[in-house]
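So the chains spell out like this:
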Amino acid sequence: TWQPDAVALTKPANAVPAPEDDPIHPPRGLTFRRFRPAWPAEVAIIDARPHAVNAQELHDVVRVARGPFHLSGRWWKSGAAWALEIWHVELASGATYQLSRTADGWCVEGVLD
C-alpha cells in the first residue's frame with residue numbers, strides 16, 4: 001500500500017556509513033516535517049476551501065490553499081480501504097502546513113519549511 005505512515009521506521013545498522021559532506025545533488029524545495037501524531041484540527045471552510053485552522057499550537061487564517069490532492073488505497077479489500085484529501089495551506093503568519101481530511105475529520109499532518 002502507498003498509505004502514508006503504513007511502515008514503521010527503525011534505526012539502521014551501525015555498519016551504515018555516514019553521509020558524505022557534500023551531496024552530489026544539493027537539496028531543493030521545501031522540507032516536509034511530519035507531526036507524529038498528527039494534530040487533530042478544526043478547519044473552517046468557505047467556498048469548498050479551507051479558510052481558517054484551529055489546532056494544538058495553531059490558530060490562524062488561510063491566505064492561500066492548494067488542493068485538494070486525493071490519495072486512496074486498498075479499495076479492493078472490504079473494511080481496509082483508506083482515503084485522504086490533502087491540502088497545502090499558507091497561513092497569514094507566512095507558515096505553510098499540510099492538512100488532511102478523512103471520514104474522521106481534519107488534522108494538521110506537518111509543516112513545510
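Predicted model, so just to flag it, every value in this text is computed and none were measured. (Residues numbered from 1 in each chain as written. Predicted model: local features only at pLDDT ≥ 70, side-chain atom pairs only at ≥ 80, totals over all residues. Heavy atoms only, no water.)

Chemist: How would you sum up the sheet that holds strand S6 (residues 105–112)? Please name residues and give values.
Modeler: Strand order in the closed barrel formed by six strands is S1-S2-S3-S4-S5-S6, and the pairing between neighbours is antiparallel. Taking each pair of neighbouring strands and ignoring which way they run, the sheet shows an average axis angle of 45°. The sheet contact formed by strand S3 (residues 58–73) and strand S4 (residues 82–91) spans nine bridges and is antiparallel. Along S4, the bridge assignment pairs Phe69 with Ile86. (Pairing = 2+ DSSP bridges. Helix = DSSP H or I, 4+ residues; strand = E, 2+ residues; numbered from the N terminus. Axes fitted to C-alpha atoms, helices over the stretch in contact; angles between N-to-C directions.)

Chemist: Before we move on, can you summarise unusual backbone geometry with the specific residues and values?
Modeler: Among all residues save glycine, negative phi is the norm, and among peptide bonds the norm is trans. Residue Pro37 is bonded to the preceding Arg36 through a cis peptide linkage, with omega at 0°. Omega for the bond connecting Gly67 with Pro68 falls within 30 degrees of zero, at 5°, which places this linkage in the cis form. Relative to the assigned elements, Pro68 resides in strand S3. At Asp47, a residue that is not glycine, the phi angle is positive and equals roughly 55°. With respect to the secondary-structure elements, Asp47 resides in the loop between strand S1 (32–46) and strand S2 (49–55). According to the relative accessible area criterion, Asp47 is exposed, its value standing at 70%. (Buried < 20%, exposed > 50% of the residue type's maximum accessible area, 1.4 Å probe, protein only.)

Chemist: For the pattern of salt bridges, give the residues involved together with the corresponding values.
Modeler: Oppositely charged side chains may form a pair once their charged atoms are brought near each other. By the definition in use, this model includes four salt bridges. Of the charged contacts, one joins Arg34 and Glu109 as a salt bridge, the two residues approaching to 3.9 Å between their closest N and O atoms. Of this pair, Arg34 sits in strand S1 while Glu109 sits in strand S6, and the two are 75 residues apart along the sequence. Arg63 is paired through a salt bridge with Glu90; the nearest N and O atoms lie 2.7 Å apart. On the criterion of sequence distance, the pair formed by Arg63 in strand S3 and Glu90 in strand S4 is long-range, its members being 27 residues apart. Here Glu90 falls in the partly exposed class, since its relative accessible area comes to 26%. (Salt bridge = Lys/Arg side-chain N within 4 Å of Asp/Glu carboxyl O.)

Chemist: Break down the side chain of Glu109 for me, with residues and values.
Modeler: With relative accessibility at 7%, the residue Glu109 sits in the buried group. Within the structure, Glu109 has its side chain in polar contact with the side chain of Gln98 (distance 2.5 Å). Beyond its immediate chain neighbours, meaning those up to four positions away, Glu109 contacts Phe32, Arg33, Arg34, Phe35, Ala38, Leu84, Ile86, Gln98 and Ser100. (Polar contact = N/O pair within 3.5 Å; in protein donor to acceptor, adjacent residues only side chain to side chain. Contact = heavy atoms within 4.5 Å.)

Chemist: Lay out the confidence of the model for the protein chain in plain terms, naming residues and giving numbers.
Modeler: Averaged over every residue, the pLDDT of the protein chain is 89; the share at 70 or more is 97%. For the protein chain, the element scoring lowest by mean pLDDT is S4, at 94; S2 scores highest, at 98. (pLDDT = per-residue confidence, 0-100.)

Chemist: Go over the pairing of S1 with me, naming the residues and quoting the values.
Modeler: Along a regular strand, successive side chains alternate from one face of the sheet to the other. Bridging between S1 and S6 involves six bridges; their strand directions are antiparallel. Its bridge partner being in S6, Pro40 is matched across the sheet by Cys107. Bridge count between S1 and S2: five bridges; the pairing is antiparallel. Directly across from Ala44, in S2, lies its bridge partner Ala52. What sits between S1 and S2 in their antiparallel hairpin is a turn of two residues, with Asp47 showing a positive phi close to 55°.

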